[in-house]
Amino acid sequence: MKVAVVGATGMVGEVMLKVLAERNFPITELLLVASERSVGKKLKYKGVEHTVIGLSDAVAAKPDVAIFSAGGDTSTEWAPKFAAVGTTVVDNSSAWRMDPTKKLIVPEINANELTAEDKIIANPNCSTIQMVMALAPLHNKYKMKRVVVSTYQSVSGTGVKAVQQLENEIAGIKGEMAYPYPIGRNALPHCDVFLENGYTKEEMKLAQEPQKIFNDRTFSVSATAVRIPTAGGHSESVNVEFLNDFDLNEVRQLLNNTPGVTVQDNPDTNTYPMPIYAHDKDEVFVGRIRRDETQRNTLNMWIVADNLRKGAATNAVQIAEYLVENKLV
Ligand SMILES: NC(=O)c1ccc[n+]([C@@H]2O[C@H](COP(=O)([O-])OP(=O)(O)OC[C@H]3O[C@@H](n4cnc5c(N)ncnc54)[C@H](OP(=O)(O)O)[C@@H]3O)[C@@H](O)[C@H]2O)c1
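None of these values were measured; they are calculated from a predicted model.

Draft legend 1. Quick look at the site of the ligand. Taken together, the neighbourhood of the ligand is formed by 26 residues, with Thr-9, Val-12, Ser-35, Arg-37 and Ser-38 sitting nearest. One of the side-chain nitrogen or oxygen atoms of Ser-38 is found 2.4 Å away from an oxygen atom of the ligand. Gly-157 places a main-chain nitrogen or oxygen 3.5 Å from a nitrogen atom of the ligand. Alone, the ligand offers 900 Å² of accessible surface; in the complex the protein occludes 78% of this. Grouping the constituent residues of the shell around the ligand by class yields 10 nonpolar, 15 polar and 1 charged. The two domains that each donate at least three residues to the shell around the ligand are domain 1 (2–124 + 312–325) and domain 2 (127–307).

Below is the structure:
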C-alpha cells in the first residue's frame, strides 16, 4: 500500500502521521507531500526519516491512497490529478464535501456507502463530525426535527499560524496574526469567512453536512460558531428537538453503547467533558445531558472532541482502513 500524506507539515498532517503509526496502517511506501516551501524538509515516521516531496512528484508515484490536509485550493486542483492516475483520495478540506458526486463519510455512520468507484472521498468538517457522532444513535431512535448548536472552537482548528498567534500573545510577542483580532482572553464569533446570508462558512457546514451524512433532509440545523483560546479540542452546546419523546436514562445508554462515544456526565462529581481531557483522544465525549424544560421532546448536551483526531486525522484514517479492509483500493 503506497500512501501519500498531502499537507504532512501542517497541524493535521502531523497528527495524521501519528495516527497512521499508532493504528499500524499497512504502509509499504510513504510519500510525505507539502508545498514547494517545504520540499526537501525531513520528517520522521515510525522513527524513519522521510524527505518531503512536491505534488507533481507525488502524482507521478501513483500512490494507492492519498490523504489530503492541505486546504481547499490544493484539493480542488490536485485531488482530480491523483484520482486520474488511480489513487483514492481522502480529503480533509471543504472542497468536495457538498459535491453531489462525492461521498461525505463518518465511518461509524455511513462507511457502507463507499464503493471502489469512489476516487475522491470527503471527510466532514471537524465540528460536524463530533456532533453527528453523538446525534446518530439518538436520531435513529427518536428522529431529529431541529438542532441548535453553538461551538467553542480551538485555535488548532485554524492551523499552525493560529496556534502561533495565541502562543505569541501569551508570551507578549508581536507576530503574524491569523485572526483579525487578538484571540487570547477573547471569543471571536467568526470561524471561516462570512457569507451573504450573514452566517459564516463554518456555520453553514454545520447546517448542511449532517443532512448529507444522514441522507435525510427532514431535520434542520442552526449554528453559531465561536473561536476561543483553547488548544485541546472543540466544544459544542447542542440543543436537539426530536419528533418522539425520549427517556434520559435511555439516551445515556444509547450514547454509552455507541462505538467512539464516551459519556462523561455526573454533576455530583463535577464530571463533564472538557478540551484539556479530550486532547489526543479519539473518542467524542458527551455530558451535561439534560431535558430542555422549555420545550417538548428536546434535549441539551455538551459535546467535546479533539478536532485534530476524530475531527480530522482519525476519521480520515478510519476511512482509509475501511477501504483497505473491504478491498476497495
Ligand atoms: N485543523 C483542524 O482542526 C482541521 C480539521 C479538519 C480539517 N482541516 C483541514 O485540513 C487542512 C489543513 O489544515 P491544518 O490545520 O493542518 O493547516 P496548516 O497547519 O496551515 O497546514 C497546511 C498544510 O498544507 C500544506 N499546503 C499549503 N498550501 C499548499 C500547496 N499549495 N501545495 C501543497 N501543500 C500545501 C502546508 O504545507 P507547507 O508547510 O509547505 O506550507 C501544510 O502542510 C485544511 O483544509 C483544513 O480545513 C483542519
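Draft legend 2. Representation of the pattern of salt bridges in the model. Scanning the entire structure with this criterion turns up 19 salt bridges. The partner of Lys-205 in a salt bridge is Glu-202, and the shortest N-O contact between them spans 3.5 Å. In this pair, Lys-205 and Glu-202 are both assigned in helix H7 (residues 201–214), 3 residues apart and thus about one turn of the helix distant. In terms of burial, Lys-205 and Glu-202 fall into one category: buried.

Draft legend 3. Region of interest: the UniProt feature "active site" (unreviewed entry) in the protein. In this structure's numbering, the residues bearing the UniProt feature "active site" (unreviewed entry) are Cys-126 and His-234. For the annotated residues, spread through 109 residues, the largest C-alpha to C-alpha distance comes to 8.3 Å, consistent with a single compact locus. Within the element layout of this structure, Cys-126 appears in helix H5 (residues 126–142). The exposure class of Cys-126 is buried, given its relative accessible area of 13%. Among all residues touching Cys-126, those that are not within four sequence positions of it are Glu-202, His-234, Asn-307 and Gly-311. By secondary structure assignment, the location of His-234 is in strand E11 (residues 234–242). Under the relative-accessibility criterion, His-234 is labelled buried at 0%. If near-sequence neighbours (up to four positions away) are discounted, His-234 is found in contact with Cys-126, Ser-127, Gln-130, Tyr-152, Gln-153, Ser-154, Gly-157, Arg-227, Ile-303, Val-304, Ala-305 and Asn-307. Here the side chain of His-234 touches Ser-154 through a polar contact of 2.9 Å, landing on its backbone nitrogen.

Rules and cut-offs
- Residues numbered from 1 in each chain as written.
- Predicted model: local features only at pLDDT ≥ 70, side-chain atom pairs only at ≥ 80, totals over all residues.
- Heavy atoms only, no water.
- Near = heavy atom within 4 Å.
- Polar contact = N/O pair within 3.5 Å; in protein donor to acceptor, adjacent residues only side chain to side chain.
- Areas by Shrake-Rupley, 256 points an atom, 1.4 Å probe, with all protein chains shown as cover.
- Nonpolar A, V, L, I, M, F, W, Y, C, P; charged D, E, K, R; others polar.
- Domains from an automatic or database assignment.
- Salt bridge = Lys/Arg side-chain N within 4 Å of Asp/Glu carboxyl O.
- Helix = DSSP H or I, 4+ residues; strand = E, 2+ residues; numbered from the N terminus.
- Buried < 20%, exposed > 50% of the residue type's maximum accessible area, 1.4 Å probe, protein only.
- UniProt positions renumbered as here; feature names shortened; annotations may be inferred.
- Contact = heavy atoms within 4.5 Å.

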